[in-house]
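# An overview of the molecular structure
Here is what each chain is made of, one letter per residue.
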Amino acid sequence: MTSDFSLLKNLQQQLTDLEKKQLRRQRRVTETPCAPVVQVDGRQLLAFCSNDYLGLASHPEIINALKEGADLYGAGSGASHLISGHSLAHHQLEEQLAKLFKENFDKAGCLYFSTGYMANLAVLSALAGKEAEIFSEELNHASLIDGARLSRAKISVYPHRDLTQLESLLKQSKANIKCVVTDSVFSMEGEIAPLPELLALCERYGAWLIVDDAHGFGVLGEHGHGVLQHFNLHSPHIVYIGTLGKAAGVSGAFVAAHHSAIEWLIQRARTYIYTTATPPAIAHALLKSIAIITSDEGKKRRSHLQSLIHAWRSAQQLQHWQSLASPTAIQPVIIGSNEKVMAVGAALLEQGLWVGAIRPPTVPLNTARLRITLSAAHTHEQLTTLIAAIHDCEASMA
Ligand SMILES: *Cc1c(COP(=O)(O)O)cnc(C)c1O
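Here we summarise the structure given alongside this text. Small disclaimer: the values here were computed from a predicted structure and weren't measured.

Right, let's get into the site of the ligand. The ligand sits among 13 residues. The nearest are Gly116, Tyr117, Asp212, His215 and Lys246. Contact between the ligand and Tyr117: an oxygen atom at 3.0 Å from a main-chain N or O atom of the residue. Side-chain polar atom of Lys246 to an oxygen atom of the ligand: 2.6 Å apart, as the coordinates give it. In isolation the ligand has 380 Å² of accessible area, and contact with the protein removes 82% of it. Top contributing element to the shell around the ligand by residue count: helix α5 (residues 116–127), with three residues. Its residues placed into classes, the shell around the ligand shows two nonpolar, eight polar and three charged.

Written out as C-alpha cells, the structure reads:
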C-alpha cells in the first residue's frame with residue numbers, strides 16, 4: 001500500500017490534532033502486580049490511580065485461588081454460558097453473590113458477566129426497548145450511555161443530582177417502560193448519588209432504578225455489599241450492577257435483581273448470550289475475593305481506607321486548585337486546562353508519584369483534574385508523601 005492511502009492519512013491528521021490539544025492518550029506499561037508501589041520502565045512509582053480500593057488485586061489468597069481454579073477447571077471455558085461454558089465455579093459465584101442481596105430483593109438472583117461494560121449494555125438493552133424511555137443522569141459512565149444508545153429507547157438526560165428535573169421528566173413521560181439510570185458513586189467526582197430519593201421517585205412513577213455500583217461494591221456498606229447496604233434499600237424496582245475488577249480485585253461484573261429480571265437477562269441479554277464465558281478460574285478466584293470482602297479482614301480493610309480518606313480530607317488545604325468534597329476513595333482535584341493538568345501530572349511523576357490526569361471528554365471541558373484514588377493497601381506515610389508533593393506542585397505551578 002502506498003503512504004498516500006487517504007483513509008490512513010485522515011487518521012494521522014486527527015491524531016496530530018489530538019496531540020496539539022494535549023488530548024492524545026498514552027499507555028504506560030506496568031511490570032509488576034497492581035499495588036501501591038509499581039514498576040514502570042524499571043522505575044518504582046508510588047501509585048494513586050488504580051481502582052483496587054481494598055488492595056485485593058495482589059492478595060496472596062486470591063492469587064492462590066486463581067491457580068487452584070486453573071487446576072480444577074483448566075484455562076478456558078470453551079463456549080458461551082448457554083452452550084457449555086457455564087461451569088460450577090460460575091454457578092457457585094452467582095449463588096454466593098445472590099446471598100449478599102437477599103435483604104434487598106424478595107427473591108434475589110445474580111448473573112455474572114465478563115465485564116461491567118457488558119453488564120451495563122445487557123441491562124439497558126434487555127430491559128428497555130424501542131418503546132421505553134431512559135432517564136439518564138448527566139454524569140453517567142460511558143458504558144451506561146452506550147447501553148442506552150444500544151437499547152434504541154428514548155433517552156432523556158437529567159442534570160447532575162437534579163431530582164426536581166427528573167421528576168418533571170418522569171411526569172411528562174408517556175412511555176410504558178421507564179428506566180432511571182445512575183452511577184452510585186460518580187467515577188470522576190467520588191460523590192454518592194441520592195439513591196433513597198431516586199428510588200422513591202421510581203416507585204411513585206413505576207420506573208426501574210438501574211444502579212451502577214462499580215465504585216461501591218466491596219467498599220460501601222457495613223459488610224461491603226455496596227450502596228444498597230449503605231442506604232438499606234429494598235425494592236423489586238431496583239436492578240443493581242456491581243463490578244469485580246475494582247474493589248474485588250479480579251475481573252468481571254454481576255447484575256443483582258429480582259430473580260425474574262435475572263431470568264429475563266439470561267433469555268435476552270446479547271452481551272451475555274453471544275460471548276464466551278470467562279475462564280472458570282476467574283470465578284473461582286472471585287469466590288475467595290467475596291469471602292474476604294465480607295469477612296472481618298474486609299471490614300478492617302474498609303476501616304483503614306476510611307482513615308486514609310479522612311486523613312486526605314483534613315490534611316490537604318489547597319489554595320488555588322479545588323478538591324471536591326468526596327466521601328469515597330475517589331478524591332479529585334480540579335486543575336482546569338488540559339495543559340495544566342498534564343504538566344502537574346508530569347511534575348508528580350518526576351517525583352515518583354503516579355496519579356491519574358483526567359481530561360475531556362471523560363470530564364466536562366475546563367475541568368481537567370487529578371483523579372486520586374486511595375486504597376486500603378496504602379499506608380498513611382505514603383499518603384503523607386502524596387499530600388506534600390501536591391502542595392509543592394500547587395505552590396510552584398498554580
Ligand atoms: C469501571 C466502570 C465500569 C466498567 O466496568 P468494567 O468491569 O471495567 O468493564 C462501569 N461503570 C462504571 C461506573 C465504572 O467505573
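The discussion continues.
Space left empty within the atom packing is revealed by a probe, the size of a water molecule, rolled over the atoms. Summed over all chains, the structure comprises two cavities of 30 Å³ or more. Of the pockets and cavities examined, the largest cavity occupies roughly 90 Å³. Taken as a whole, the second largest cavity encloses approximately 30 Å³ of empty space. Lining the second largest cavity are His81, Tyr112, Phe113, Ser114, Thr271, Tyr272, Thr275 and Thr278. Elements with a contribution of two residues or more to the lining of the second largest cavity: β3 (108–113) and α11 (270–273).

We now examine the packing of aromatic side chains. Throughout the structure, instances matching the rule amount to five aromatic pairs. Between the aromatic rings of Phe113 and Tyr272, the centroid separation amounts to 5.4 Å while the plane-to-plane angle is 70°, which identifies the pairing as edge-to-face. Residue Phe113 is found in strand β3, and its partner Tyr272 is found in helix α11; the two are separated by 159 residues along the sequence. An identical accessibility class is assigned to Phe113 and Tyr272; each is buried. Plain terms: the ring middles of Tyr240 and Phe254 are 5.9 Å apart, the flat faces sit at 40° to each other, and that makes the pair tilted. Taken together, the residues span a long stretch of sequence, with Tyr240 in strand β8 (residues 238–243) and Phe254 in strand β9 (residues 253–258) at a distance of 14 residues. Members of the aromatic cluster, joined through ring pairs, are Phe101, Phe217, Tyr240 and Phe254.

Criteria and thresholds
Residues numbered from 1 in each chain as written. Predicted model: local features only at pLDDT ≥ 70, side-chain atom pairs only at ≥ 80, totals over all residues. Heavy atoms only, no water. Near = heavy atom within 4 Å. Polar contact = N/O pair within 3.5 Å; in protein donor to acceptor, adjacent residues only side chain to side chain. Areas by Shrake-Rupley, 256 points an atom, 1.4 Å probe, with all protein chains shown as cover. Helix = DSSP H or I, 4+ residues; strand = E, 2+ residues; numbered from the N terminus. Nonpolar A, V, L, I, M, F, W, Y, C, P; charged D, E, K, R; others polar. 1 Å grid on protein atoms, 1.4 Å probe; cavity = no way out; pocket = protein on both sides within 12 Å on 5 of 7 lines; lining within 4 Å. Points joined across faces, edges and corners; volume = space filled by probe spheres on them. Phe/Tyr/Trp six-rings, centres within 6.5 Å; stacked < 30°, edge-to-face > 60°. Buried < 20%, exposed > 50% of the residue type's maximum accessible area, 1.4 Å probe, protein only.

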